[in-house]
Amino acid sequence: MRLHEYQSKELLRKYGVQTPRGYPCFDLREVEKAAKRLGKVLVKPQIHLGDASACLQSPMASSRTEARACGEQIFTQPVGPRAATVRRILVEEVVAGVARFRLRVTGGDSPMITVAVFTLGAQGSSDDLLHEENIQAADGMNESRAFAIIDKLAIPDAARQSALAMIMGVARMAIERGAAVLEINPVVLSERHVITAVGVVANFTEESLITHPEIGSMRDPDEANHDGRA
């Protein structure tokens, strides 16, 4: 099971992780209202299409009129081999950054988790692994191991506490919610030294949902038939 991005970010915020301001929207009126509040936005379709989901574009809009036009196209244009309909859109503020990287936690549903950070390669190229830590889930992430990761990021000292909150929060969410994969791509460092989770994917095994029914209750019934899973 995969959560929608806006659902994943709602959970991350509970663990102290900074995310862009954004609103899930279910019709064009809500899209316009969100864009009016936020200014320059990304209009992000919320739909599960397996690997094809990564290919969906999130257009940028500078006004509520542009956001409405983007939303209208997303809501009315079927996507994927099954011609699925997008029913939810995340309208989210654009976060500018001076540096970007990728953070990935795997095995939150297992006794051992791996927390890894990567550079972001140019389009079409592979990301480079900077560092990874293997951690007993029962012990959890500690500050010493989190700083071992942060030391590989070459970020300003002023951003280290923000990065610490990100890594500690993401690891805690993966463990406490049983996420098999929790990926932040990209993580953005702003000029004000704030680390923000801009793109988020959270996947859960069916087995982990047995011990974490609160995650199973977030399943989107509209998604079940798009690729045989939700």
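Further up the page is the structure itself.
Everything numeric here is computed off the predicted structure, so don't read it as measured data. (Residues numbered from 1 in each chain as written. Predicted model: local features only at pLDDT ≥ 70, side-chain atom pairs only at ≥ 80, totals over all residues. Heavy atoms only, no water.)

*Asks:* Tell me what's going on with the sheet that holds strand β1 (residues 22-25), and back it up with residues and numbers.
*Replies:* Consider a sheet: its strands pair through backbone hydrogen bonds, and that pairing is either parallel or antiparallel. Spatial ordering of the open sheet is given by β1-β4-β2-β3, a layout of four strands whose pairing is antiparallel. On the outer flanks of this sheet lie β1 and β3 (60-61), each paired with one strand and no other. Here β1 pairs with strand β4 (residues 88-93) via four bridges, running antiparallel. Each residue of the ladder has a partner; that of C25, found in β4, is I89. Of the strands in this sheet, β1, β2 (41-46) and β4 touch helix α1 (residues 5-14), which is tilted by about 50° from β4. (Pairing = 2+ DSSP bridges. Helix = DSSP H or I, 4+ residues; strand = E, 2+ residues; numbered from the N terminus. Contact = heavy atoms within 4.5 Å. Axes fitted to C-alpha atoms, helices over the stretch in contact; angles between N-to-C directions.)

*Asks:* Tell me about helix α3 (residues 64-76), and name the residues and values.
*Replies:* End to end, α3 covers 18 Å across 13 residues, agreeing with the expected 18 Å (1.5 Å per residue, within 8%). Taken residue by residue, α3 has A67, C70, G71, I74 and F75 as its buried positions. Relative to the axis of α3, the buried residues are bounded by an arc of 130° and lie together on one face. The outward face of α3, more than 90 degrees from its buried face, is lined by the exposed residues T65 and T76. Tucked into the core, α3 has its buried residues touching β1, α2 (28-38), β2, β3 and β4. (Expected span 1.5 Å × (residues − 1). Buried < 20%, exposed > 50% of the residue type's maximum accessible area, 1.4 Å probe, protein only. Arc of directions from axis to C-beta.)

*Asks:* Please provide a residue-by-residue account of the pattern of salt bridges, values included.
*Replies:* Counted by the stated rule, this structure contains 15 salt bridges. For the salt bridge of E5 with K9, the shortest nitrogen-to-oxygen distance reads 2.9 Å. Residue E5 and its partner K9 are both found in helix α1; the two are separated by four residues, about one turn of the helix. The exposure class of E5 is buried, given its relative accessible area of 13%. What you see here is one network of salt bridges that share partners, running through E5, K9, K44 and E92. (Salt bridge = Lys/Arg side-chain N within 4 Å of Asp/Glu carboxyl O.)

*Asks:* Before we move on, could you go through the packing of aromatic side chains and cite the residues and values that matter?
*Replies:* Within the structure shown, the criterion is met by zero aromatic pairs. Lying across the ring of Y23, R37 places its NZ or CZ 4.9 Å from the centre. Across from the ring centre of F118, 3.9 Å away, lies the NZ or CZ of R102, which sits over that ring. (Phe/Tyr/Trp six-rings, centres within 6.5 Å; stacked < 30°, edge-to-face > 60°. Lys NZ or Arg CZ within 6 Å of the ring centre and 35° of its normal.)

*Asks:* Outline unusual backbone geometry, supporting the account with residue identities and numerical values.
*Replies:* That bond from N185 to P186 is cis: its omega, 5°, falls within 30 degrees of zero. We note that A154 has phi near 55°; this positive angle belongs to a residue other than glycine. With respect to the helices, strands and loops of the structure, A154 is situated in the loop between α4 (143-150) and α5 (160-177). Assessed through its relative accessible area of 75%, A154 is described here as exposed. Although it is not a glycine, H193 adopts a positive phi angle of roughly 65°. Considering the arrangement of structural elements, one finds H193 in the loop between β8 (181-189) and β9 (195-197). Judged by relative accessible area, which is 30%, H193 ranks as partly exposed.

*Asks:* An account of the nonpolar core is requested, with residue identities and associated values reported.
*Replies:* In this structure, L103, V115, V170 and L182 are the most contacted members of the largest nonpolar core, which totals 44 residues. Elements with a contribution of two residues or more to this core: α1, β5 (99-106), β6 (112-118), α4, α5, β8, β9 and β10 (200-203). A per-element tally of this core places α5 first, with nine residues. Among all residues touching L103, those that are not within four sequence positions of it are V115, A116, V117, M166, I167, V170, L182, E183, I184 and V187. In this structure, C25, V43, L49 and C70 belong to the second largest nonpolar core, which totals 20 residues. (Core = buried A, V, L, I, M, F, W, Y, C linked by side-chain atoms within 4.5 Å.)

*Asks:* Kindly report on the packing of α2 against α3, identifying the contributing residues and their values.
*Replies:* Interaxial distance between α2 and α3 falls to 8 Å at its minimum, and their mutual angle equals 145°. In terms of crossing hand, the pair formed by α2 and α3 is right-handed. Across from L28, R29, V31, E32, A35 and K36 in α2, the residues of α3 making contact are R64, A67, R68, G71, E72 and F75. (Left-handed = near helix turned anticlockwise from the far one by under 90°.)

*Asks:* Before we move on, could you go through the environment of K40 and cite the residues and values that matter?
*Replies:* With respect to the helices, strands and loops of the structure, K40 is situated in the loop between α2 and β2. The spatial distance from the C-alpha of K40 to the C-alpha of C25 is 16 Å, given a sequence separation of 15 residues. What K40 contacts, discounting residues up to four positions off in sequence, is M60, A61, S62, E92, E93 and V94.

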